[in-house]
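Secondary and tertiary structure notes
This is what each chain is made of:
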Amino acid sequence: GESVGLHLPTLSVQEGDNSIINCAYSNSASDYFIWYKQESGKGPQFIIDIRSNMDKRQGQRVTVLLNKTVKHLSLQIAATQPGDSAVYFCAENMDNRLAFGKGNQVVVIP
Amino acid sequence: DAGITQSPRYKITETGRQVTLMCHQTWSHSYMFWYRQDLGHGLRLIYYSAAADITDKGEVPDGYVVSRSKTENFPLTLESATRSQTSVYFCASSPSSYNSPLHFGNGTRLTVT
(Lines give C-alpha, C1' and ligand atoms only; values in the text may rest on other atoms or scores of the structure.)
Protein backbone atom coordinates (compact mmCIF):
# COMPACT_ATOMS: atom_id res chain seq x y z
CA GLY A 1 0.00 0.00 0.00
CA GLU A 2 0.95 3.61 -0.26
CA SER A 3 2.85 5.20 2.54
CA VAL A 4 1.92 8.72 1.56
CA GLY A 5 -1.66 9.92 1.64
CA LEU A 6 -3.83 12.96 1.95
CA HIS A 7 -6.61 13.47 4.45
CA LEU A 8 -9.09 15.43 2.32
CA PRO A 9 -10.07 14.54 -1.23
CA THR A 10 -11.39 18.01 -2.10
CA LEU A 11 -10.83 21.38 -0.50
CA SER A 12 -13.03 24.31 -1.46
CA VAL A 13 -11.54 27.67 -0.54
CA GLN A 14 -12.83 31.19 -0.90
CA GLU A 15 -10.57 33.42 -2.92
CA GLY A 16 -8.33 35.40 -0.60
CA ASP A 17 -8.53 32.88 2.23
CA ASN A 18 -5.66 30.68 3.30
CA SER A 19 -5.58 27.01 2.25
CA ILE A 20 -4.15 24.14 4.22
CA ILE A 21 -3.51 20.80 2.58
CA ASN A 22 -2.48 17.90 4.73
CA CYS A 23 -0.43 14.79 4.06
CA ALA A 24 0.38 11.81 6.24
CA TYR A 25 3.40 9.65 5.72
CA SER A 26 4.20 6.33 7.31
CA ASN A 27 7.94 5.92 6.87
CA SER A 28 9.73 7.55 9.77
CA ALA A 29 13.03 7.12 7.88
CA SER A 30 11.94 9.43 5.07
CA ASP A 31 14.16 12.48 5.12
CA TYR A 32 12.98 14.60 2.21
CA PHE A 33 9.52 15.75 1.20
CA ILE A 34 8.13 17.64 -1.75
CA TRP A 35 4.85 19.31 -2.62
CA TYR A 36 3.68 19.34 -6.19
CA LYS A 37 0.87 21.16 -7.94
CA GLN A 38 -0.80 19.67 -10.97
CA GLU A 39 -3.17 21.64 -13.17
CA SER A 40 -5.47 19.95 -15.60
CA GLY A 41 -3.64 18.68 -18.67
CA LYS A 42 -0.22 19.49 -17.28
CA GLY A 43 2.56 17.71 -15.52
CA PRO A 44 3.25 18.05 -11.81
CA GLN A 45 4.96 21.30 -10.96
CA PHE A 46 7.39 21.57 -8.07
CA ILE A 47 6.20 23.95 -5.36
CA ILE A 48 8.43 23.55 -2.35
CA ASP A 49 10.49 20.95 -0.57
CA ILE A 50 11.71 20.36 2.96
CA ARG A 51 14.32 18.17 4.56
CA SER A 52 13.73 16.29 7.75
CA ASN A 53 16.14 18.47 9.71
CA MET A 54 13.68 21.34 9.32
CA ASP A 55 10.20 21.93 10.72
CA LYS A 56 9.14 24.76 8.48
CA ARG A 57 10.06 26.25 5.19
CA GLN A 58 8.57 29.23 3.42
CA GLY A 59 8.33 30.14 -0.20
CA GLN A 60 6.34 32.68 -2.11
CA ARG A 61 2.84 32.52 -0.57
CA VAL A 62 3.47 28.93 0.47
CA THR A 63 4.69 27.37 3.68
CA VAL A 64 5.42 23.73 4.32
CA LEU A 65 5.30 22.37 7.85
CA LEU A 66 6.80 19.07 8.87
CA ASN A 67 5.84 17.30 12.07
CA LYS A 68 8.05 14.26 12.37
CA THR A 69 6.52 13.21 15.67
CA VAL A 70 3.19 12.40 14.04
CA LYS A 71 4.56 11.96 10.53
CA HIS A 72 2.54 14.77 9.10
CA LEU A 73 3.22 17.26 6.36
CA SER A 74 1.13 20.27 5.43
CA LEU A 75 1.13 22.91 2.74
CA GLN A 76 -0.26 26.31 3.51
CA ILE A 77 -1.16 28.67 0.70
CA ALA A 78 -1.69 32.28 1.69
CA ALA A 79 -4.31 34.45 0.03
CA THR A 80 -5.52 31.71 -2.28
CA GLN A 81 -6.06 32.80 -5.86
CA PRO A 82 -8.09 31.27 -8.71
CA GLY A 83 -4.81 30.12 -10.27
CA ASP A 84 -4.21 27.95 -7.23
CA SER A 85 -7.04 25.63 -8.27
CA ALA A 86 -5.31 22.35 -8.96
CA VAL A 87 -4.48 18.96 -7.53
CA TYR A 88 -1.79 19.03 -4.89
CA PHE A 89 0.15 16.03 -3.76
CA CYS A 90 3.06 15.34 -1.56
CA ALA A 91 5.96 13.01 -2.09
CA GLU A 92 8.48 11.48 0.26
CA ASN A 93 11.94 10.16 -0.45
CA MET A 94 12.08 6.49 0.46
CA ASP A 95 15.16 4.49 -0.43
CA ASN A 96 16.25 7.15 -2.93
CA ARG A 97 12.93 7.02 -4.73
CA LEU A 98 10.04 9.38 -4.46
CA ALA A 99 6.73 7.91 -3.34
CA PHE A 100 3.76 10.05 -4.30
CA GLY A 101 0.42 10.50 -2.64
CA LYS A 102 -2.76 10.30 -4.70
CA GLY A 103 -3.55 13.99 -4.60
CA ASN A 104 -6.05 16.43 -3.19
CA GLN A 105 -8.18 18.71 -5.33
CA VAL A 106 -8.24 22.37 -4.32
CA VAL A 107 -11.09 24.44 -5.74
CA VAL A 108 -10.93 28.19 -5.35
CA ILE A 109 -14.30 29.93 -5.23
CA PRO A 110 -14.18 33.45 -6.69
CA ASP B 1 13.38 27.27 -23.98
CA ALA B 2 15.04 24.83 -21.60
CA GLY B 3 12.96 22.12 -20.05
CA ILE B 4 11.59 18.67 -20.56
CA THR B 5 9.52 17.85 -23.62
CA GLN B 6 7.33 14.84 -24.23
CA SER B 7 5.91 13.72 -27.55
CA PRO B 8 3.36 13.01 -28.72
CA ARG B 9 0.89 14.73 -26.37
CA TYR B 10 -1.87 12.35 -27.38
CA LYS B 11 -1.70 8.89 -28.92
CA ILE B 12 -4.32 6.33 -29.80
CA THR B 13 -3.11 2.87 -30.70
CA GLU B 14 -4.52 -0.61 -31.05
CA THR B 15 -3.92 -3.58 -28.83
CA GLY B 16 -0.77 -5.42 -29.84
CA ARG B 17 0.89 -2.50 -31.55
CA GLN B 18 4.28 -1.17 -30.59
CA VAL B 19 4.37 2.45 -29.55
CA THR B 20 7.21 4.68 -28.39
CA LEU B 21 6.83 7.73 -26.22
CA MET B 22 9.59 10.28 -26.45
CA CYS B 23 11.19 12.38 -23.75
CA HIS B 24 13.84 15.05 -24.19
CA GLN B 25 15.43 17.28 -21.56
CA THR B 26 17.75 20.22 -21.99
CA TRP B 27 19.06 20.51 -18.42
CA SER B 28 21.67 17.75 -18.76
CA HIS B 29 20.18 16.10 -15.69
CA SER B 30 21.71 12.74 -14.91
CA TYR B 31 18.50 11.09 -13.77
CA MET B 32 15.41 10.52 -15.85
CA PHE B 33 12.19 8.77 -14.95
CA TRP B 34 9.00 7.45 -16.49
CA TYR B 35 5.78 7.43 -14.49
CA ARG B 36 2.23 6.52 -15.29
CA GLN B 37 -0.68 8.28 -13.66
CA ASP B 38 -4.01 6.56 -13.22
CA LEU B 39 -7.05 7.47 -11.16
CA GLY B 40 -6.83 5.87 -7.77
CA HIS B 41 -3.16 5.07 -8.06
CA GLY B 42 -1.33 8.33 -8.30
CA LEU B 43 2.08 8.38 -9.93
CA ARG B 44 3.76 5.02 -10.31
CA LEU B 45 7.36 4.60 -11.40
CA ILE B 46 7.88 2.48 -14.51
CA TYR B 47 11.60 2.83 -15.19
CA TYR B 48 14.37 5.19 -14.36
CA SER B 49 17.87 5.92 -15.53
CA ALA B 50 20.84 7.21 -13.56
CA ALA B 51 22.91 8.08 -16.63
CA ALA B 52 23.35 7.19 -20.28
CA ASP B 53 23.25 3.42 -20.77
CA ILE B 54 22.13 2.83 -17.18
CA THR B 55 18.48 1.93 -16.61
CA ASP B 56 16.58 0.19 -13.87
CA LYS B 57 13.09 -1.06 -13.17
CA GLY B 58 10.62 0.80 -11.06
CA GLU B 59 7.37 -0.29 -9.49
CA VAL B 60 5.46 -1.30 -12.65
CA PRO B 61 7.95 -2.18 -15.44
CA ASP B 62 6.17 -5.12 -17.08
CA GLY B 63 5.31 -4.52 -20.73
CA TYR B 64 7.65 -1.56 -21.08
CA VAL B 65 11.16 -1.12 -22.45
CA VAL B 66 13.45 1.88 -22.11
CA SER B 67 16.77 2.95 -23.50
CA ARG B 68 19.11 5.83 -22.87
CA SER B 69 21.81 6.15 -25.46
CA LYS B 70 22.11 9.91 -24.89
CA THR B 71 21.80 11.84 -21.65
CA GLU B 72 19.05 14.08 -23.00
CA ASN B 73 16.70 11.41 -24.36
CA PHE B 74 14.80 8.68 -22.57
CA PRO B 75 12.24 6.95 -24.81
CA LEU B 76 9.66 4.55 -23.42
CA THR B 77 8.44 1.71 -25.65
CA LEU B 78 5.37 -0.42 -25.22
CA GLU B 79 6.32 -3.51 -27.19
CA SER B 80 2.80 -4.88 -27.51
CA ALA B 81 0.27 -2.43 -26.14
CA THR B 82 -2.56 -3.65 -23.93
CA ARG B 83 -5.70 -1.86 -22.77
CA SER B 84 -4.36 -1.82 -19.23
CA GLN B 85 -1.61 0.47 -20.49
CA THR B 86 -4.10 3.20 -21.25
CA SER B 87 -2.85 5.98 -19.03
CA VAL B 88 -1.14 9.33 -18.85
CA TYR B 89 2.62 8.96 -18.98
CA PHE B 90 4.98 11.46 -17.46
CA CYS B 91 8.67 11.79 -17.98
CA ALA B 92 10.76 13.55 -15.36
CA SER B 93 14.37 14.47 -14.77
CA SER B 94 16.52 15.35 -11.81
CA PRO B 95 20.16 16.23 -11.24
CA SER B 96 20.37 13.75 -8.39
CA SER B 97 18.54 10.72 -7.07
CA TYR B 98 18.69 12.01 -3.55
CA ASN B 99 16.95 14.97 -1.97
CA SER B 100 16.30 16.68 -5.24
CA PRO B 101 12.92 17.46 -6.83
CA LEU B 102 11.87 15.87 -10.08
CA HIS B 103 10.95 18.13 -12.97
CA PHE B 104 8.12 16.77 -15.06
CA GLY B 105 7.05 17.09 -18.66
CA ASN B 106 3.43 17.74 -19.58
CA GLY B 107 2.67 14.12 -20.27
CA THR B 108 1.47 11.87 -23.05
CA ARG B 109 -2.10 10.64 -22.90
CA LEU B 110 -2.11 7.16 -24.39
CA THR B 111 -5.27 5.28 -25.27
CA VAL B 112 -5.07 1.63 -26.28
CA THR B 113 -8.19 0.39 -28.07
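These lines cover the structure that appears in this document, whether it is placed above or below.

Here the focus is the overall build of chain B. Of regular secondary structure, chain B possesses zero helices and 11 strands. The order of helices and strands in chain B, counted from the N terminus, is β-β-β-β-β-β-β-β-β-β-β. Against the globule reference of 13 Å for 113 residues, chain B gives a C-alpha radius of gyration of 13 Å, in line with a compact fold. Based on the C-alpha atoms only, the size of chain B along its principal axes is roughly 35 × 25 × 25 Å. For chain B, buried positions account for 49% of its 113 residues. Contacts spanning at least 24 positions in sequence make up 55% of the contacts within chain B whose residues lie at least 6 apart. A total accessible area of about 5,500 Å² is found for chain B, and carbon and sulfur atoms account for 47% of it. Charged side chains in chain B number 10 positive and 9 negative. The centres of these two groups are separated by 7 Å.

Scanning chain A from N- to C-terminus turns up zero helices and 11 strands. Listed by position from the N terminus, the elements making up chain A come as β-β-β-β-β-β-β-β-β-β-β. The globule rule puts the C-alpha radius of gyration for 110 residues at 13 Å, and the 13 Å found for chain A is close to it. Dimensions of chain A, computed from C-alpha atoms along their principal axes, come out at roughly 40 × 25 × 20 Å. Put simply, chain A has 110 residues, and 44% of those count as buried. For chain A, the exposed area adds up to about 5,400 Å²; of that, 47% sits on carbon and sulfur atoms. Seen as two clouds, the 10 positive and the 10 negative side-chain charges of chain A have centres 3 Å apart.

Right, let's get into the interface of chain B and chain A. Taken together, the 21 residues of chain B in the interface contact 21 residues of chain A. Buried surface at the junction of chain B and chain A, summed over both partners, amounts to about 1,600 Å²; 47% is from carbon and sulfur atoms. For the interface between chain B and chain A, the tally reads zero salt bridges. Remark: the boundary between chain B and chain A carries seven residue pairs in polar contact (both at pLDDT 80 or more). For the side of chain B that touches chain A, the secondary structure elements donating two or more residues are strand 4 (31-38) and strand 5 (42-51) of chain B. For the side of chain B that touches chain A, the element with the most residues is strand 5 of chain B, which contributes four residues. A per-class count over the side of chain B that touches chain A returns nine nonpolar, 10 polar and two charged.

Residue and element names in this part refer to chain A. Enumeration according to the criterion identifies two disulfides over all chains in this entry. The disulfide bridge from C23 ends at C90, spanning 1.8 Å between sulfur atoms. Linking C23 and C90, the disulfide has an S-S dihedral of approximately 50° and is accordingly described as right-handed. Taken together, the residues C23 in strand 3 (residues 19-25) and C90 in strand 9 (residues 86-94) connect sequence positions 67 residues apart. Comparing C23 with C90, the two get one shared label, buried.

It is worth spelling out the pairing of strand 10 (residues 97-100) of chain A at this point. Along any regular strand the residues' side chains alternate between the sheet's two faces. In terms of strand pairing, strand 9 of chain A meets strand 10 of chain A through four bridges, oriented antiparallel. Across the sheet, the residue bridging to A:N93 is A:L98, located in strand 10 of chain A.

A few words on the nonpolar core. Judged by nonpolar contacts, the single largest core of 20 residues is most densely connected at A:I21, A:W35, A:L73, A:L75, A:Y88 and A:V106. Listed by contribution, the elements that provide at least two residues to this core are strand 2 (10-14), strand 3, strand 4 (32-38), strand 5 (45-51), strand 7 (62-67), strand 8 (72-77), strand 9 and strand 11 (104-109) of chain A. Of all hydrophobic cores here, the second largest spans 19 residues; its members include B:C23, B:W34, B:A81 and B:Y89.

On to the pattern of salt bridges. Close approach of charged atoms allows side chains of opposite charge to pair. Using the criterion set out here, one finds six salt bridges over all chains in the structure. With a shortest N-O distance of 2.2 Å, A:R57 and A:D49 are connected by a salt bridge. Owing to a relative accessible area of 34%, A:R57 belongs among the partly exposed residues under this scheme. Linking A:K68 and A:D55 is a salt bridge whose minimum nitrogen-to-oxygen distance equals 3.2 Å. Remark: A:D55 occurs in the loop between strand 5 and strand 6 (56-58) and A:K68 occurs in the loop between strand 7 and strand 8; sequence separation between them is 13 residues. By relative accessible area, A:D55 is classed as exposed at 52%. Salt bridges here are not isolated pairs; linked through shared partners, they connect B:R36, B:D38 and B:R44.

Conventions and cut-offs
Residues numbered from 1 in each chain as written. Chains lettered and ligands numbered in written order. Predicted model: local features only at pLDDT ≥ 70, side-chain atom pairs only at ≥ 80, totals over all residues. Heavy atoms only, no water. Helix = DSSP H or I, 4+ residues; strand = E, 2+ residues; numbered from the N terminus. Rg over C-alpha atoms; globule rule 2.2 N^0.38 Å. Buried < 20%, exposed > 50% of the residue type's maximum accessible area, 1.4 Å probe, protein only. Contact = heavy atoms within 4.5 Å. Areas by Shrake-Rupley, 256 points an atom, 1.4 Å probe, with all protein chains shown as cover. Lys, Arg positive; Asp, Glu negative; His and termini not counted. Charge placed at Lys NZ, Arg CZ, Asp CG, Glu CD. Buried area = accessible area lost by both parts, 1.4 Å probe. Salt bridge = Lys/Arg side-chain N within 4 Å of Asp/Glu carboxyl O. Polar contact = N/O pair within 3.5 Å; in protein donor to acceptor, adjacent residues only side chain to side chain. Nonpolar A, V, L, I, M, F, W, Y, C, P; charged D, E, K, R; others polar. Disulfide = S-S within 2.5 Å. Pairing = 2+ DSSP bridges. Core = buried A, V, L, I, M, F, W, Y, C linked by side-chain atoms within 4.5 Å.

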